[in-house]
Amino acid sequence: MNRLAKILISLIVIAAAALSAKYLFNKHDQIPTLISLPVIGITQIIEHPSLDGEREGVIDTLAKAGYIDGQTVKIVYQNAQGNLGTATQIINQIIGQNPKVILAISTPSAQAALAPCLAHNIPLVFSAVTDPVEAKLIKDLVKRPEAVTGVSDHLPIESQLNLVQGFVPGLKTLGIIYNAGEINSVKMVKVLQEESAKHNIQIVEAVAGKTSDVATAMNSLIGKVQAVYIPNDNTAVAAMSSIVQIAEKYKLPVFAGDTGSVAAGAVATQGYDRFFLGKKAGEIILEILNGTPAGDIPIATNHPLSLTVNKDSLEKMGTAIPPELLKSATVIED
Amino acid sequence: MNWIQFTGAVEIGLIYSLVALGMYLSFRTLQFPDLTVDGSFPLGAAVCASLITMGVHPGLATLAALLAGACAGWVTALLSTHLRMLNLLAGILTMTALYSLNLRIMGRPNIALLGEKTILTEWFSGTTCFISSHFVPLLLTTVLFGALLYYFLNTRLGLAVRATGSNPRMGRAQGIDDHKMIWLGLSVSNALVALAGALFAQVHGFADVTMGVGTIIIGLAAVIIGEALLPTRTILSALLACVFGAILYRLVIASALNVGEFGLQASDLNLVTAVLVALAMFLPSLKQRVKAFS
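So, a few notes on the structure that sits alongside this text. It should be emphasised that the depicted structure is a prediction, and the values quoted were computed from it without experimental measurement.

**Regarding the interface of chain B and chain A**
Many authors give the size of an interface as the accessible area that is lost as the parts come together.
Stage number 1. Taken together, the 42 residues of chain B in the interface contact 45 residues of chain A.
Stage number 2. When the two sides are added together, the surface that chain B and chain A hide from each other amounts to roughly 4,000 Å², 63% of it contributed by carbon and sulfur.
Stage number 3. Applying the counting rule to chain B against chain A returns two salt bridges.
Stage number 4. In this structure, Lys-136 of chain A and Glu-116 of chain B form a salt bridge, with 2.8 Å as the shortest nitrogen-oxygen distance.
Stage number 5. At the surface where chain B touches chain A, the tally comes to seven residue pairs in polar contact (both at pLDDT 80 or more).
Stage number 6. For the side of chain B that touches chain A, the elements supplying multiple residues, two or more each, are helix H1 (3-29), helix H4 (87-106), strand E1 (110-112), helix H9 (178-204), strand E2 (206-208), helix H11 (235-256) and helix H12 (269-293) of chain B.
Stage number 7. For the side of chain B that touches chain A, the residue count by class is 25 nonpolar, 11 polar and six charged.

See below:
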């Protein structure tokens, strides 16, 4: 019986080892198969409506240009689910498949991708990065010897203040909810502070470290501000529903920095359509696939702004849209 | 899995093996479930990255990160021994405070180190091995600190720490100051974790305030996987098991990234990782069960 058990275990172990070896070393090996499609790698830090929107924009643009996943090209998409250690491993996994180009969505993903891409001479395209120079992805916006380019989602801050002032005449106090742990938000808030000082608007900050803290942060603003602005902050945007619920209760208009948040219940946004930004990144990838050196492709900035309004929220938060704004706005209705 | 992915997983496994060694000391030796590590890992990265960008020599910056981690561990130990706080709560408090502290230290949530001097460029430039220039320095660091920890645990002081963990009352009866042993143990443990954070920042070129999320889970998984698959009767084999467990955990994630062919999607990653770890843990228990049955 004992001997039988030993044999049984050995057999199981050998079978498992053989199976895993076959699966581990055969699947994505560098050995070219008969029909090997060109690979495009996509690495993203976390699942999130805006980041997902950009990715969809990229895939859509590629598909329209004839690069269809599984037919003419192989798109390898990996998501680190918020873990930076995993993000670095994802890059290795993608590079091992010898991709033509790598798209990194979000600042940490792009930072994790930079050194391996340069080492293996693979062009890197970033998107959903606000300040690529400060993130040290590139040294200079114009002079770029390395094969790195991408889309910057830096939002001109005047446009945001004008938006809120358009809806709330005589704006004196504006609340803002963000996560002090996100570099993009911190930069945004700093610029907003400086700009609003010029307009005599007082900014009241409410910081939320995680999505479960957002409701508390929102509650702390009640009674102190005339309106609330949510920048492109991953934490605050992910908890948009809890912000909207409180805002409707106290009739406090909420404005956002992205279209997704308006669909989730914010009154209005003047900003970038994430799908559009994704299309920009897609166009850059197409240029690289057509042979343009990535260093020669300019960083895409200053995208067209679009005003999006949620009609339902307008009523619930007790605000009205100025008629001259309504003409140019895209209206979301439930 | 391809070769680049394999070496990448081993590299990051070597970095996290320092976390595993630190957690072995707190979790297994001192029997102290220390949650500080989620804060001390980014603390090490924050201190190291900030100092490097200020122009401090990377070696010195790494040493500073080590000391900062030791301080964090000491605070947790102090909360536990002097305020008589529950271990878990003491760790949670330090970890929570460290989040704000890390933001203060860095002055912003993310510092890029690309193009800056690091210990890799200063001391190990040109040591490429297995297509990776990080492999040798990381292996050396792990071996060096693993050996130091092994030596420490076999000194009289180390034995006193071990005695405190296994039976505090008995330790006190032998004249051991168990409070000081907890201070020492947690300081050394968190120093190792902060060192891992400092190495991560230098190897991957950036420090981010969110990089500590899940450190405790990775460390614990490494310790437990190592224990399940390797013998841990002696201290040496237990430490080796920690390093092995950390690398194996990273290899599991690396293979979980390759399951796209089976109709799984990118968002299934964590689930696949959990299932693979569960399978790995199941093997030794299967062995025991069969043995008991026969």
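**Side note on helix H2 (residues 49-64) of chain A**
Residues and elements named next belong to chain A.
Stage number 1. Along its 16 residues, H2 runs 22 Å from first to last C-alpha, staying within 8% of the 22 Å computed at 1.5 Å per residue.
Stage number 2. Along H2, the residues classified as buried are Ser-50, Leu-51, Asp-52, Gly-53, Glu-54, Arg-55, Gly-57, Val-58, Thr-61 and Leu-62.
Stage number 3. Buried residues in H2 make contact with strand E1 (39-44), strand E2 (74-79), strand E3 (101-105), strand E4 (124-129), strand E9 (254-258) and helix H11 (274-289).
Stage number 4. Positioned one or two residues after H2, Gly-66 has a phi angle of 100 degrees, which is positive.

**Focus on the pattern of salt bridges**
Stage number 1. Applying the stated criterion across every chain, the model contains 15 salt bridges over all chains.
Stage number 2. One salt bridge in this structure joins Arg-274 of chain A and Glu-54 of chain A, with 2.5 Å as the shortest N-O distance. Of the two residues, Arg-274 of chain A is situated in helix H11 and Glu-54 of chain A in helix H2; the sequence distance between them amounts to 220 residues.
Stage number 3. Residue classification places Arg-274 of chain A among the buried residues on the basis of a relative accessible area of 9%.
Stage number 4. Salt bridges sharing common partners tie together Asp-131, Glu-134 and Lys-187 of chain A together with Arg-108 of chain B.

**Things to note about H11 of chain B**
Stage number 1. Spanning 22 residues, H11 of chain B covers 31 Å between terminal C-alpha atoms, matching the ideal 32 Å at 1.5 Å per step.
Stage number 2. Among the 22 residues that make up H11 of chain B, 18 are buried, leaving the element largely enclosed by the rest of the structure.

Rules and cut-offs
Residues numbered from 1 in each chain as written. Chains lettered and ligands numbered in written order. Predicted model: local features only at pLDDT ≥ 70, side-chain atom pairs only at ≥ 80, totals over all residues. Heavy atoms only, no water. Contact = heavy atoms within 4.5 Å. Buried area = accessible area lost by both parts, 1.4 Å probe. Salt bridge = Lys/Arg side-chain N within 4 Å of Asp/Glu carboxyl O. Polar contact = N/O pair within 3.5 Å; in protein donor to acceptor, adjacent residues only side chain to side chain. Helix = DSSP H or I, 4+ residues; strand = E, 2+ residues; numbered from the N terminus. Nonpolar A, V, L, I, M, F, W, Y, C, P; charged D, E, K, R; others polar. Expected span 1.5 Å × (residues − 1). Buried < 20%, exposed > 50% of the residue type's maximum accessible area, 1.4 Å probe, protein only.

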